[in-house]
Amino acid sequence: MGGDTLSVHLPPEEGPDAWYNVLPDLPEPLPPPKDDEAGQPRLKMLSQVLLKECLRQETATSRWIPIPQEILDLYRQAGRPRPLFRARRLERRLDTPAKLYFKSEFYSPTGSHKVNTALAQAWYAAAAGFERVTTETGAGQWGTALSYAASLVGLKTTVYWVRAVHDWKADRRNLMRLYGAEVHASPSPVTETGRQLLKEDANHPGSLGIAVSEGLEDARADPKAVYCLGSVLNHVLMHQTIIGLETKKQFEMLGEYPDVLISCLGGGSNFGGFALPFMPDAFHGRPIRFLAAQSEAAPNLQGEYRYDFADHAELTPQLKMYTLGHRKEMTPIRGDGLRYHAAAPILSLLRHLGYIETVAYPADERHVFERARMFVQAEGFLPAPESAYGVACAIDEALKCKEKGERKTIAFNISGHGFMDMEAYRAVLGG
Ligand SMILES: *Cc1c(COP(=O)(O)O)cnc(C)c1O
């Protein structure tokens, strides 16, 4: 009897020491960002508020970008490499012939995969001599991750947090402050963008796009501050490839290879980080399915593939993305990190080329949370509300395998834990 538990631990010295840059391997060149003809020079503005190193990485042409030793140390401090688990108990309860594996980004000091890019960006910011980082946050995970990372490398953080979420997540707000961050509900009276919107509606619920505008405006006005972004951009997805690179090695250790890769997708950083290292195999004809789990509140991969702004106030250049429109009103959901109007340009191109499928779950979230409960009871780990979408999708796929009698290997990423989101579970499932 081998027992029920199969967990694959990668020794730290065998962990990846370079990030994977998919750009040179893409079947078609990635459409570049652009300024609209009549517009202000937004590209120039962006290059003034973002980190030089991150901008360099944004368009890097080499396939591998070495991870500085100091960042590898910070990864180690944050618990990397993280184990890959076989979900045998869940398989049995579903009575499925499929094999289910999950990657454990929930073993994160702040609760999500976002520490993987936060640590890199904070370290680069400190190395470049900045004293403060500014950012936006939606669900709160990115703001927390950046506050934590900045604190470790000795920087201050200012977070603009979508008001609709800020107001009910008191504990997470407190955690950011514990890391020393200054936290503003967005729209805030601190920026011009915020003041304009508050004039129209003093209780404006905010959006991620608006919070991005505020973070950019703040950094632009202070030469000691730099703006950091938690998703969507190429360099962010690249930092996150640490997830998929580890996973790939772990499958090699098992002598297996996944047929399906699944994760939730908001802006696309955890999905990209998990999936991109497997993409070259798909480009070379290996039949792997990549499945993105989304909400009907923000099914951005089902939108239009066109140039659009990344933020509400149109401060960013336009990116070619699957988008719902940058001023689209989206129903609030508990998996708020999935509520963004567009998907990362890299993933949008790959969807356009037919490499990525998507599923959008109803905005009442019942199905998703019920599936997450099955996972909790079988495997014991509590997924973040966003991660619950990936879990639900993996379970649904496993049940399809049961119907068809297929023994597929399904790998899914659990992007974070839900310990600070118990209220979401209570609101949807009762209790
Ligand atoms: C932010 C977040 C997401 C969604 O963002 P992506 O960039 O699409 O990964 C998903 N899960 C968790 C736990 C998050 O914190």
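As the structure is a prediction and not an experimental result, all values here were calculated from the model.

Comments concerning the sheet that holds strand β6 (residues 132-137)
Item 1. Pairing is parallel in the open sheet, where four strands are placed in the order β8-β7-β6-β9. In this open sheet, the two strands that pair with only one neighbour each are β8 (182-186) and β9 (225-227). For this sheet, the mean angle separating the axes of adjacent strands, direction not counted, is 20 degrees.
Item 2. In terms of strand pairing, strand β7 (residues 156-162) meets β8 through five bridges, oriented parallel.

Re the packing of aromatic side chains
Item 1. Using the criterion set out here, one finds 20 aromatic pairs in the structure.
Item 2. Geometrically, the ring pair formed by F102 and F381 is edge-to-face, given 6.0 Å between the ring centres and 65 degrees between the ring planes. Of this pair, F102 sits in strand β5 (residues 99-104) while F381 sits in the loop between α15 (366-379) and α16 (385-404), placing them 279 residues apart in sequence.
Item 3. When its relative accessible area of 0% is taken as the criterion, F102 is described as buried.
Item 4. Note on F102 and F412: the rings are 5.8 Å apart at their centroids and 40 degrees apart in plane angle, and the pair reads as tilted. Pair noted here: F102 is in strand β5 and F412 is in strand β15 (residues 409-414), with a separation of 310 residues, a long-range link.
Item 5. Following the ring pairs from residue to residue traces out a cluster consisting of F85, F102, F106, Y107, F375, F381 and F412.
Item 6. For the cation-ring pair, K34 lies above Y307, with the distance from its terminal atom to the ring centre recorded as 4.4 Å.

Comments concerning the side chain of S231
Item 1. With respect to the helices and strands, the residue S231 is situated in the loop between β9 and α11 (234-254).
Item 2. Assessed through its relative accessible area of 14%, S231 is described here as buried.
Item 3. A polar atom in the side chain of S231 sits 3.5 Å from the backbone nitrogen of G268.

Focus on the nonpolar core
Item 1. Ranked by internal contacts, the top residues of the largest apolar core, which has 67 residues, are W19, L276, F290, L347, L350 and I356.
Item 2. Top element by residues in this core is helix α5 (residues 115-127). It accounts for seven residues.
Item 3. Dropping the residues within four chain positions of it, L276 is found in contact with Y20, V22, L237, T241, F271, I346, L347 and L350.
Item 4. Counting residues in hydrophobic clusters, the runner-up holds 40 residues, among them A87, I333, L338 and A424.

Brief notes about the sheet that holds β15
Across a sheet, paired strands are connected by hydrogen bonds in the backbone, their directions being either parallel or antiparallel.
Item 1. The mixed open sheet is built from seven strands, whose spatial order is β1-β4-β5-β15-β10-β11-β14. The strands lining the two open edges of the sheet, one partner per strand, are β1 (6-8) and β14 (356-361). Ignoring which end each strand starts from, the neighbouring axes of this sheet average 25 degrees apart.
Item 2. Strand direction decides the pairing type here: strand β4 (residues 84-86) and β5, joined by three bridges, are antiparallel. Residue pairing for β5: L84 is matched across the bridge by K103.

Comments concerning the site of the ligand
Item 1. Near the ligand there are 18 residues, and of these K114, S231, G266, S269 and S415 occur at the shortest range.
Item 2. Between the ligand and the protein, one listed contact pairs an oxygen atom with a backbone N or O atom of G267 at 3.1 Å.
Item 3. When the free accessible area of the ligand is taken as 380 Å², the share hidden by the protein chains comes to 97%.
Item 4. Among the detected pockets, the ligand sits in the largest cavity.
Item 5. Going through the elements one at a time, α12 (269-275) and α16 are the ones with two or more residues in the shell around the ligand.
Item 6. Partitioned by chemical class, the residues of the shell around the ligand number three nonpolar, 13 polar and two charged.

The rules behind these values
Residues numbered from 1 in each chain as written. Predicted model: local features only at pLDDT ≥ 70, side-chain atom pairs only at ≥ 80, totals over all residues. Heavy atoms only, no water. Pairing = 2+ DSSP bridges. Helix = DSSP H or I, 4+ residues; strand = E, 2+ residues; numbered from the N terminus. Axes fitted to C-alpha atoms, helices over the stretch in contact; angles between N-to-C directions. Phe/Tyr/Trp six-rings, centres within 6.5 Å; stacked < 30°, edge-to-face > 60°. Buried < 20%, exposed > 50% of the residue type's maximum accessible area, 1.4 Å probe, protein only. Lys NZ or Arg CZ within 6 Å of the ring centre and 35° of its normal. Polar contact = N/O pair within 3.5 Å; in protein donor to acceptor, adjacent residues only side chain to side chain. Core = buried A, V, L, I, M, F, W, Y, C linked by side-chain atoms within 4.5 Å. Contact = heavy atoms within 4.5 Å. Near = heavy atom within 4 Å. Areas by Shrake-Rupley, 256 points an atom, 1.4 Å probe, with all protein chains shown as cover. 1 Å grid on protein atoms, 1.4 Å probe; cavity = no way out; pocket = protein on both sides within 12 Å on 5 of 7 lines; lining within 4 Å. Sits in = over half its atoms within 2 Å of the grid points. Nonpolar A, V, L, I, M, F, W, Y, C, P; charged D, E, K, R; others polar.

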